[in-house]
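Each chain is listed here by its residues.
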Amino acid sequence: MANTFDEILRKAVDLSYDERVQTAKSTLEKCLGILKKQGLDDEYAIQFIVSFLAVSIAADGKFTESEQQMIRDTFDDRSVSSIDVLVQYTDEECFEGMDQFVDSLDAAEKTDFCMLAVFVAAADDTVNEEELRYLVKLMQ
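Residues numbered from 1 in each chain as written. Predicted model: local features only at pLDDT ≥ 70, side-chain atom pairs only at ≥ 80, totals over all residues. Heavy atoms only, no water.

### Observations concerning the state of the cysteines
By definition, a disulfide links the sulfur atoms of two cysteines through a covalent bond. For clarity, the cut-off: Two cysteine sulfurs form a disulfide in these notes if their separation is within 2.5 Å.
Here the structure, examined in full by the defined rule, presents zero disulfides. As a non-bridged cysteine, C94 has C114 as the owner of its nearest cysteine sulfur, 17 Å distant. Here C114 is not cross-linked by a disulfide; its sulfur's nearest cysteine counterpart is in C31, at 9.0 Å.

### Some thoughts on the packing of helix α2 (residues 17–37) against helix α3 (residues 42–58)
Stated precisely, the cut-off is as follows: Helix axes are fitted only over the stretch in contact, all axes being lines through C-alpha atoms; the angle between N-to-C directions runs from 0 to 180 degrees. In DSSP terms, a helix is any run of H or I states spanning at least four residues, a strand is any run of E spanning at least two, and both are numbered starting from the N terminus. Just so you know how the angles are binned, under 35 degrees is roughly parallel, over 145 roughly antiparallel, 65 to 115 roughly perpendicular, and the rest oblique. In this scheme the handedness of a crossing depends on how the near helix is turned from the far one: anticlockwise by less than a right angle means left-handed, clockwise means right-handed. Throughout, a contact is declared for two residues whenever any of their heavy atoms are within 4.5 Å. By the convention adopted, Pro, Cys, Tyr, Trp, Phe, Met, Ile, Leu, Val and Ala count as nonpolar, Lys, Arg, Asp and Glu as charged, and the other residues, Gly among them, as polar.
Closest axis-to-axis distance for the α2/α3 pair is 9 Å, and the angle between their directions is 120 degrees. By the angle between their axes, α2 is oblique relative to α3. When you trace α2 past α3, the crossing you get is right-handed. On the side of α2, the interface is formed by L28, C31, L32, L35 and K36, while α3 contributes D42, A45, I46, F48 and I49. Its residues assigned to classes, the contact of α2 with α3 shows eight nonpolar, no polar and two charged.

### Description of helix α6 (residues 92–103)
Heads up, the rule is: One less than the number of residues in a helix, times 1.5 Å, gives the span that helix is expected to have. Per-residue accessibility, obtained with a 1.4 Å probe over protein chains only, is compared with the maximum for each type, and a residue is labelled buried under 20%, exposed over 50%, and partly exposed between these values. Picture the helix axis, draw a direction to every C-beta atom, and the arc is the one those directions span.
For α6, built from twelve residues, the straight-helix expectation of 16 Å at 1.5 Å per residue is met to within 8% by its first-to-last C-alpha distance of 16 Å. Of all the residues in α6, the buried ones are F95, M98, D99, F101 and V102. Buried residues of α6, viewed axially, fall in a sector of 160 degrees; they line one side. Exposed and oriented more than 90 degrees from the buried face of α6 are E92, E93 and Q100. Among the structural elements, α2, α3, α7 (107–121) and α8 (129–139) are those in contact with the buried residues of α6.

### Considerations on unusual backbone geometry
For D125, which is not glycine, the phi dihedral falls at a positive 70 degrees. As for its position among the elements, D125 is in the loop between α7 and α8. D125 sits in the partly exposed class, given a relative accessible area of 46%.

Okay, structure coming up:
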């Protein structure tokens, strides 16, 4: 898995910004489909994904301008505001809850959610140590 995960990270960082946004949008649609399949309506599914990304961003405690722009380009300005607030209130329980959610998914669904988090983390062309640690935990 380590080699595959390393390849995923490298590909995400190596893509142009526009390619990252387009791939993130496609991955977002897959994640929305997963949540709809579980019975969530459109609005709640978006709110859940925003919460999921807020927890991912909180891994390093910094919501950088690059990450904010990626959210704007993938979602909208309202999502940036929501994530900014949620990051401030993320705690260990939130990390564990999202990890448990991702663990409940099948392998392909898990990959889609993790990829969405990777694209946001890689928005600034790097994935720092705290972000990497959280992404590895999600993938396990």
